[in-house]
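Reading the structure
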Amino acid sequence: MADHHDQGAVTLYSGTAITDAAKKNHPFSVKVGLAQVLRGGAIVEVTSLNQAKIAESAGACAVLISDPPRSPAAAAGVHRMPDPTLVKEVKRAVSVPVMARARVGHFVEAQILESLAVDYIDESEIISVADEDNFINKHNFRSPFICGCRDTGEALRRIREGAAMIRIQGDVDGTGNVAETVKNVRRVMGDVRVLNNMDDDEVFAFAKKLSAPYDLVAQTKQMGRVPVVQFASGGIVTPADAALMMQLGCDGVFVGCEVFEGVDPFKKVRSIVQGVQHYNDPHVLAEMSSGLESGMESLSVRGDRIQGSV
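Residues numbered from 1 in each chain as written. Predicted model: local features only at pLDDT ≥ 70, side-chain atom pairs only at ≥ 80, totals over all residues. Heavy atoms only, no water.

The name given to the chain in an unreviewed UniProt entry is PdxS/SNZ N-terminal domain-containing protein, with the source organism recorded as Eruca vesicaria subsp. sativa. UniProt's Sequence similarities (unreviewed entry) comment on the chain is quoted here verbatim: "Belongs to the PdxS/SNZ family." (UniProt positions renumbered as here; feature names shortened; annotations may be inferred.)

Set out below in structure tokens:
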């Protein structure tokens, strides 16, 4: 049975998870609608109050607060949710939506972040995983959740758990290599195109192949896209990278905190924001790409990946 009272943001199907969520007065359609307002924007990862202010002034549609490594040894260790003090400072200082990361499965970190009134919670596999078997039941929370995926089945499983927005994740090492992100975005878009051309009778087998809930696979076919907002993340460091993701069919991009390295972080963030907004205009992209090289030279594919082409 479908609920048609949510203004077309997403169609809900009856099931224990959905009906329980409705009882708790955290309607999924409202969370999906909150994520819709971010479409066509760039979400910038920040590790300090100053970076958040730069991101906002450069036109970011939201800031994602990350736990900054406090030492070189800590950079390779366990990453957790950001310090609540930093979250409060950023919330007071900026007017754009504020997101913060919680570890996968760590529902107490999510409870803390929700109590701090963050606008969105990113259940992030990029930081350390707290529960290797279970994700957070996101229907239990008032805040909309963002979850990462590398393929369509993973995206739909996260939506079933209550994710209101999907982050198609590529490179997680901050190398500036966009190839992994392109591969995963193409995989998701390719599955949707295959599904669109499928006979209704074939959707059952396709859902089984994806290991995804049948009703969400059927809904993806009906809508011609994944049912929630989908952003690309990983290796996006130039306006051209951002425009590439948009032309491939994403609704927006995440920009890593490595964009703040170099002499003019405002110009870099601004150029990527413009790249998202004018992704089909090569003249604007050329203008936005001019004079950025000096700030991008530290971001390159690892040497062992390119030795063969030297």
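**Some thoughts on the packing of helix H8 (residues 179–196) against helix H9 (residues 203–210)**
Running from N to C, H8 and H9 cross one another at 165°; their axes reach a closest spacing of 11 Å. The angle between the axes of H8 and H9 places the two elements in the roughly antiparallel class. For H8 against H9, the interelement crossing comes out right-handed. In contact with Asp-191, Val-194 and Leu-195 of H8, H9 contributes Val-203, Phe-206 and Leu-210. (Axes fitted to C-alpha atoms, helices over the stretch in contact; angles between N-to-C directions. Helix = DSSP H or I, 4+ residues; strand = E, 2+ residues; numbered from the N terminus. Parallel < 35°, antiparallel > 145°, perpendicular 65-115°, else oblique. Left-handed = near helix turned anticlockwise from the far one by under 90°. Contact = heavy atoms within 4.5 Å.)

**Notes on the sheet that holds strand S3 (residues 41–46)**
Strand order in the closed barrel formed by eight strands is S3-S4-S5-S6-S7-S8-S9-S10, and the pairing between neighbours is parallel. Each neighbouring strand pair of the sheet contributes to a mean axis angle of 30°, computed without reference to strand direction. Examined bridge by bridge, S3 and strand S10 (residues 252–255) share four bridges and lie parallel to one another. By the bridge assignment for S10, Ala-42 is matched with Val-253. (Pairing = 2+ DSSP bridges.)

**Examining the pairing of strand S6 (residues 120–129)**
In terms of burial, S6 is largely enclosed, as seven of its ten residues are buried. Across six bridges, the pairing between strand S5 (residues 98–104) and S6 is parallel. Bridge assignment links Arg-103 to a residue of S6, and that residue is Ser-124. (Buried < 20%, exposed > 50% of the residue type's maximum accessible area, 1.4 Å probe, protein only.)

**With respect to the pattern of salt bridges**
All told, the structure shown has 14 salt bridges when counted by the stated rule. Linking Lys-91 and Asp-119 is a salt bridge whose minimum nitrogen-to-oxygen distance equals 3.7 Å. Within this pair, whereas Lys-91 is found in helix H5 (residues 84–93), its partner Asp-119 is found in the loop between helix H6 (107–115) and S6, the two being separated by 28 residues in sequence. Asp-119 gets classed as partly exposed once you look at its relative accessible area, which sits at 30%. The salt bridge partner of Asp-215 is Arg-160, with a shortest N-O separation of 2.6 Å. Taken as a pair, Asp-215 in helix H10 (residues 214–223) and Arg-160 in helix H7 (residues 152–160) lie far apart in primary sequence, 55 residues in all. Take Asp-215: its relative accessible area is 18%, and that puts it in the buried class. With a relative accessible area of 26%, Arg-160 lands in the partly exposed category. Through salt bridges with shared partners, one network takes in Glu-45, Arg-101, Asp-122, Glu-125 and Arg-167. (Salt bridge = Lys/Arg side-chain N within 4 Å of Asp/Glu carboxyl O.)

**Observations regarding unusual backbone geometry**
Although it is not a glycine, Ala-117 sits at a positive phi angle of roughly 65°. Of note, Ala-117 is situated in the loop between H6 and S6. Even without a glycine there, the phi angle at Ser-211 is positive, about 55°. Of note, Ser-211 is situated in the loop between H9 and H10.

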